[in-house]
Amino acid sequence: MKKLPSVKAFTAIIVILFVTIFSANIIDGNKKRKTMETASISLLASNGYIHGVLFEDKANRELLAIQESEKEKQALLEEQEKIVYDGMTLEELAQKLDRNLKSTLKGYGSLFAKYAIKYNVDPYLSLAIVLHETGCYSGKCSGLTSACNNVGGMKGSNECGTTGYAKFKSLEKGIEAFYKNLSQNYYQKGLTTPEKIGKKYAGSATWPSRIRYYIQIIKKS
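Small disclaimer: the values here were computed from a predicted structure and weren't measured.

**As for the packing of helix α2 (residues 90-98) against helix α3 (residues 109-118)**
Phase 1 of the analysis: Contact pair α2 / α3: the axes reach a minimum separation of 7 Å and the direction vectors enclose 125°. Overall, the two elements α2 and α3 adopt an arrangement that is oblique. α2 and α3 meet at a crossing whose hand is right-handed. Residues L90, L93, A94, L97 and D98 of α2 pack against G109, S110, F112, A113, K114 and I117 of α3.

Printed below as a string of structure tokens:
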């Protein structure tokens, strides 16, 4: 018959087992804690990198925006300083034309200059036609101009009353339509002088001389 372990031996075995299990838990816990610490450090490092990249990207975008803005300002400045006609910049030409505009058209020199250059039409000749057709140089524009924004005595289906002359929604639209008409129906067909334009535009023998009269006034202003 085998001898059973004594109470002391049994207790010792229990203690050893407990210590072994406890130590294993501690070691496992330390490993988990170290793993979590490593993960935390990695996460912090990753966040730092991400924040750094985002900050750098934002800074680059802001720098590009500033550079684009400077380019636009430079382009605008160069455009403003560009000689467009008779040794003048667009602004200088606008001021010169405006000195000859009165009544309803006063202050619209910039639009006359803008569309003359856009449609490649002589600014002096075209404004001379306007001054003759509207009567604005005398100090009071005709009703066709003040009521219907027609600056060139142009005919049209959208009539100004029952006159047969065209009516426009605004002076700017009327001014652009005038230059577009001169460009397409006269200049592009080689009709670029008062004499050539007059045969089709007015059919009057005295019309060219009146236009040249106003051209000289504009030049001297």
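**Overview of the packing of aromatic side chains**
Phase 1 of the analysis: Under the criterion given, the structure shown has eight aromatic pairs.
Phase 2 of the analysis: Ring geometry for Y85 versus Y124: centroids 5.0 Å apart, planes at 90°, classification edge-to-face. Highlighted residues: Y85 in strand β1 (residues 83-85) and Y124 in helix α4 (residues 123-134), separated in sequence by 39 residues.
Phase 3 of the analysis: For Y124, a relative accessible area of 2% corresponds to the buried category.
Phase 4 of the analysis: In this arrangement the basic side chain of K102 is found over the ring face of Y137, its NZ or CZ atom lying 4.4 Å from the centre.
Phase 5 of the analysis: Positioned over the ring face of Y165 is K155, at 4.1 Å from the centre of the ring.

**A short note on the packing of α4 against helix α6 (residues 171-185)**
Phase 1 of the analysis: Two elements in contact, α4 and α6, have axes whose closest approach is 12 Å; the angle formed by their N-to-C orientations is 120°. Considering the angle they form, α4 stands oblique to α6. Classified by chirality, the crossing of α6 by α4 is right-handed. Within the contact between the two elements, α4 uses P123, S126, L127, I129 and V130 and α6 uses F178, Y179 and L182.
Phase 2 of the analysis: When its residues are assigned to classes, the contact of α4 with α6 shows seven nonpolar, one polar and no charged.

**Focus on the pattern of salt bridges**
Phase 1 of the analysis: Evaluated as defined, the whole model comprises four salt bridges.
Phase 2 of the analysis: Across the pair E176 and K118 runs a salt bridge, and its minimum N-O distance is 3.3 Å. Of this pair, E176 sits in helix α6 while K118 sits in helix α3, and the two are 58 residues apart along the sequence.
Phase 3 of the analysis: Judged by its relative accessible area of 23%, E176 falls in the partly exposed class.

**Re the nonpolar core**
Phase 1 of the analysis: If you look at the biggest cluster of nonpolar residues, it comprises 41 residues, and the most contacted ones within it are L105, F112, I129, F178, Y179 and Y201.
Phase 2 of the analysis: Of all the secondary structure elements, the ones that give two or more residues to this core are α2, α3, α4, α6, α7 (194-201) and α8 (207-220).
Phase 3 of the analysis: If near-sequence neighbours (up to four positions away) are discounted, F112 is found in contact with L97, L101, L105, L127, V130, I175 and Y179.

**Considerations on the side chain of K96**
Phase 1 of the analysis: With respect to the helices and strands, K96 occurs in helix α2.
Phase 2 of the analysis: There is no salt bridge for the buried K96, and the closest opposite charge comes from D86, which lies 5.8 Å off by N-O distance.
Phase 3 of the analysis: In this view, K96 contacts M88, Y124, I218, K219, K220 and S221; residues no more than four positions away in its chain are not counted.

**What to know about the environment of L131**
Phase 1 of the analysis: Position of L131 among the secondary structure elements: in helix α4.
Phase 2 of the analysis: Residue classification places L131 among the buried residues on the basis of a relative accessible area of 0%.
Phase 3 of the analysis: L131 sits 31 residues away from N100 along the chain, and the two C-alpha atoms are 8.4 Å apart.
Phase 4 of the analysis: Excluding anything up to four places from it in sequence, L131 contacts N100, L101, C136, Y137, Y214 and I218.

**Some thoughts on unusual backbone geometry**
Phase 1 of the analysis: In this structure, N120 takes a positive phi of about 55° despite not being glycine.
Phase 2 of the analysis: In this structure, N120 sits in the loop between α3 and α4.
Phase 3 of the analysis: Relative accessible area serves as the criterion here: at 63%, N120 is assigned to the exposed category.
Phase 4 of the analysis: In this structure, N149 takes a positive phi of about 60° despite not being glycine.
Phase 5 of the analysis: Residue placement: N149 occurs in the loop between α5 (143-148) and α6.
Phase 6 of the analysis: Residue class for N149 comes out buried when judged on its relative accessible area of 13%.

Thresholds applied
Residues numbered from 1 in each chain as written. Predicted model: local features only at pLDDT ≥ 70, side-chain atom pairs only at ≥ 80, totals over all residues. Heavy atoms only, no water. Axes fitted to C-alpha atoms, helices over the stretch in contact; angles between N-to-C directions. Helix = DSSP H or I, 4+ residues; strand = E, 2+ residues; numbered from the N terminus. Parallel < 35°, antiparallel > 145°, perpendicular 65-115°, else oblique. Left-handed = near helix turned anticlockwise from the far one by under 90°. Contact = heavy atoms within 4.5 Å. Phe/Tyr/Trp six-rings, centres within 6.5 Å; stacked < 30°, edge-to-face > 60°. Buried < 20%, exposed > 50% of the residue type's maximum accessible area, 1.4 Å probe, protein only. Lys NZ or Arg CZ within 6 Å of the ring centre and 35° of its normal. Nonpolar A, V, L, I, M, F, W, Y, C, P; charged D, E, K, R; others polar. Salt bridge = Lys/Arg side-chain N within 4 Å of Asp/Glu carboxyl O. Core = buried A, V, L, I, M, F, W, Y, C linked by side-chain atoms within 4.5 Å. Lys, Arg positive; Asp, Glu negative; His and termini not counted.

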